[in-house]
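# Architecture at a glance
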Amino acid sequence: MEFAISEETQELIEMVREFVEKEVAPYAQEMDAENHMRDGLVEKADEMGLLNVIVPEELGGPGLDSLAVAAIYEELGKGCAGVATSLAANSLATLPVLIAGTDEQKQMYCDVLNNGGMAAFALTEPGAGSDAGSVSTRAEHNKEAGTYTLNGSKMFITNAGQAEIFLVFANTRKTGGIRGLTAFIVPKGTPGFKVGKKENKMGIRPSNTCELILQDVVIPESYRVGREGEGFRIAMNTLDSARPFVGSVSVGIAQAALDCAVKYAKERRQFGQPIASFQMVQSMIADMAIKVETARLLVQKCCWMRDQGIPFAKEAAMAKCYASDVAMQVTTDAVQVMGGYGYTKDYPVEKMMRDAKIMQIYEGTNQIQRLVIANKILY
Ligand code: COS
């Protein structure tokens, strides 16, 4: 196993770290309060090359391996998990096209990201979350016209309000079920395609999460990604690839919370000495550090396997599940180390604790991850 990152990629990661320290972290609490990403931040992220990190070189992107992409998302996660979520959603929404799209679809889709556009992955619906196969958005094929007409609604869609291009899953079978699930590209502005209510979330608040409404949305056949009925496999493959990146954002949150707790423990004095000198605090700090390190290693192992072409679905579920549980535990412990101060908005750890919670929920709940892991082990 080799987790080494090339010198060139290391320089890129350093640049991302500086960008996050200057442009993201100082504004994280303000963006959290305003439930909105700072104006101009997407443009700045684009200048840094952070919108198309998943795009291969031959399609005009940086051609990074998964290890490098994960390292970038970890840096973003340190500064603000909401911003990291929004930028990582570009990768999530592009993977289906990279996995199953035609050369023309790949180029068209990646060009949006290469040119500073955002993308959104639209699978979840009011009645279809963990049970991804039960999508009820319908896609009716009009063979004579060479089109599909989409009707339905989507929920909890990251970037919905700011994306230029969408990857929408709909069912081509009247009877529903996973055998009819099909993936489609839907550009923003297609008649009948509207952005609905924006969610008022507990955490990752700078990321834009909205409902989508599809009313007689007509798209050409050439926007269907893969075959009819291939959508479930495409969605599952996509989620396998994206889950280690949720893991890396989670590692970023946990590392940032640990750093805050360490700094505080050295400064805060009680009983005439810094609380860092108390063994119970040291024990917490040590456990937090062990968890962060092991979570990062699991994410890196999974990314390395993906980059080597080794099947990695089990490790992807493990990385996502473990790292997000670690983010929840470490942020909660950081608040504990910092006591009453940690519980206030004067320090960033309460936000990190709220942000960590969604990591255990989105892109497959940790209960689903455990199902995937157990299935891979048992059958
Ligand atoms: N890659 C490729 N194919 C896969 C797959 C994967 N990771 N997982 C399942 N499949 C295939 C199976 O091989 C099976 O194909 P066949 O019927 O041809 O044998 C088919 O898909 C159905 O598999 P299964 O019966 O295991 O599907 P289930 O409906 O039981 O669901 C889970 C499996 C629960 C793992 C899946 O629905 C899932 O991951 N749900 C979570 C979805 C999610 O993450 N939602 C969050 C919103 S998206 S951000």
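It should be noted that the structure appears before, not after, this text.
Since we're looking at a predicted model, the values are computed, not measured.

A few words now on the site of the ligand. The environment of the ligand is made up of 18 residues, and the closest members are S130, R179, D240, R243 and G364. Take R243: an N or O atom from its side chain is 3.0 Å from an oxygen atom of the ligand. Note that an oxygen atom of the ligand is positioned 3.1 Å from one of the backbone N or O atoms of G364. Coverage of the ligand by the protein chains reaches 61% of its 990 Å² of free accessible surface. Among the secondary structure elements, those contributing two or more residues to the shell around the ligand are α7 (231-267) and α11 (366-378). It is α7 that provides the largest number of residues to the shell around the ligand, a total of 6 residues. For the shell around the ligand, the class distribution of residues is 9 nonpolar, 5 polar and 4 charged.

Here we take up the packing of aromatic side chains. Within this structure, the stated rule accounts for 8 aromatic pairs. With centroids separated by 5.3 Å and ring planes inclined at 65 degrees, the aromatic side chains of F121 and F169 adopt a geometry described as edge-to-face. One end of the pair, F121, is in strand β1 (residues 118-122); the other, F169, is in strand β4 (residues 163-171), with 48 residues separating them in the sequence. Residues Y264 and Y347 carry aromatic rings whose centres are separated by 5.9 Å and whose planes lie at 90 degrees to one another, so their mutual orientation is edge-to-face. Pair noted here: Y264 is in helix α7 and Y347 is in the loop between α9 (313-342) and α10 (349-359), with a separation of 83 residues, a long-range link. With relative accessibility at 30%, the residue Y347 sits in the partly exposed group. Above the plane of the ring of Y27 lies R38, whose end atom (NZ or CZ) is 3.6 Å from the centre.

What follows concerns the packing of helix α4 (residues 66-79) against α7. Closest axis-to-axis distance for the α4/α7 pair is 7 Å, and the angle between their directions is 40 degrees. It follows that α4 is oblique to α7 by the angle criterion. The interaxial crossing formed by α4 with α7 has right-handed handedness. Residue-level contacts link S66, V69, A70, Y73, E74, G77 and K78 of α4 to F245, S248, V249, V251, G252, I253, Q255 and A256 of α7. For the contact of α4 with α7, the per-class residue count stands at 8 nonpolar, 5 polar and 2 charged.

What follows deals with α9. Structural remark: α-helix, 3.6 residues per turn; residues separated by three or four positions point the same way. In this model α9 runs just 37 Å from its N-terminal to its C-terminal C-alpha over 30 residues, more than 12% under the 44 Å that 1.5 Å per residue would give. A maximum bend of about 65 degrees is found in α9 at Q336.

Attention now moves to the pattern of salt bridges. Note that side chains of opposite charge can pair when their charged atoms are close. Across all of its chains, the model carries 20 salt bridges by this definition. Among the ionic pairs, E74 bridges to R296, the shortest N-O distance being 2.8 Å. One end of the pair, E74, is in helix α4; the other, R296, is in helix α8 (residues 279-308), with 222 residues separating them in the sequence. Comparing E74 with R296 shows no difference in burial state: the two are buried. For the salt bridge of E230 with R233, the shortest nitrogen-to-oxygen distance reads 2.4 Å. According to the relative accessible area criterion, R233 is partly exposed, its value standing at 40%. One network of salt bridges, with partners in common, ties together D32, R205, K345, E350 and R354.

All right, on to the packing of α8 against α9 then. Two quantities define a packed helix pair, namely the angle between the helix axes and the distance between the axes. The interhelical angle for the contact between α8 and α9, taken along N-to-C directions, is 160 degrees, at an axis separation of 9 Å. Here α8 is positioned roughly antiparallel relative to α9, judged by the angle of their axes. When the axes of α8 and α9 are compared, the crossing they make is left-handed. A per-class count over the contact of α8 with α9 returns 18 nonpolar, 3 polar and 3 charged.

Of all hydrophobic cores here, the largest spans 99 residues; its most connected members are L50 and L123. Ranked by residues supplied to this core, first place goes to α7 with 17 residues. In this view, L123 contacts A132, V135, K154, I157, F169, L181, A235 and L239; residues no more than four positions away in its chain are not counted. With 19 residues, the next largest nonpolar core counts A120, A163, C210 and L214 among its residues.

With that settled, consider a nonpolar patch on the surface. On the surface, I377, L378 and Y379 cluster together to form a nonpolar patch covering roughly 430 Å² of accessible area. Among the structural elements, I377 can be located in helix α11. Look at I377 and you get exposed, because its relative accessible area is 57%.

Glancing now at the state of the cysteines. For the structure on display, the rule yields 0 disulfides. In this model C80 remains outside any disulfide bridge; the closest cysteine sulfur is found in C260, 13 Å from its own. On the basis of relative accessible area, C80 is assigned to the buried category, the value being 1%.

A few words on the side chain of T85. Here T85 is to be found in helix α5 (residues 81-100). Given the relative accessible area of 5%, T85 is considered buried. Within the local environment of T85, its side chain forms a polar contact with the side chain of Y362, the two groups lying 2.8 Å apart. Residues contacting T85, with those up to four places away along its chain left out, are T158, I204, S207, M359 and Y362.

Cut-offs applied
- Residues numbered from 1 in each chain as written.
- Predicted model: local features only at pLDDT ≥ 70, side-chain atom pairs only at ≥ 80, totals over all residues.
- Heavy atoms only, no water.
- Near = heavy atom within 4 Å.
- Polar contact = N/O pair within 3.5 Å; in protein donor to acceptor, adjacent residues only side chain to side chain.
- Areas by Shrake-Rupley, 256 points an atom, 1.4 Å probe, with all protein chains shown as cover.
- Helix = DSSP H or I, 4+ residues; strand = E, 2+ residues; numbered from the N terminus.
- Nonpolar A, V, L, I, M, F, W, Y, C, P; charged D, E, K, R; others polar.
- Phe/Tyr/Trp six-rings, centres within 6.5 Å; stacked < 30°, edge-to-face > 60°.
- Buried < 20%, exposed > 50% of the residue type's maximum accessible area, 1.4 Å probe, protein only.
- Lys NZ or Arg CZ within 6 Å of the ring centre and 35° of its normal.
- Axes fitted to C-alpha atoms, helices over the stretch in contact; angles between N-to-C directions.
- Parallel < 35°, antiparallel > 145°, perpendicular 65-115°, else oblique.
- Left-handed = near helix turned anticlockwise from the far one by under 90°.
- Contact = heavy atoms within 4.5 Å.
- Expected span 1.5 Å × (residues − 1).
- Bend = angle between axes of the 7 residues up to and from the residue.
- Salt bridge = Lys/Arg side-chain N within 4 Å of Asp/Glu carboxyl O.
- Core = buried A, V, L, I, M, F, W, Y, C linked by side-chain atoms within 4.5 Å.
- Patch = residues over 30% accessible without salt bridge, like charges linked within 9 Å, V, L, I, M, F, W, Y side chains within 5 Å.
- Disulfide = S-S within 2.5 Å.

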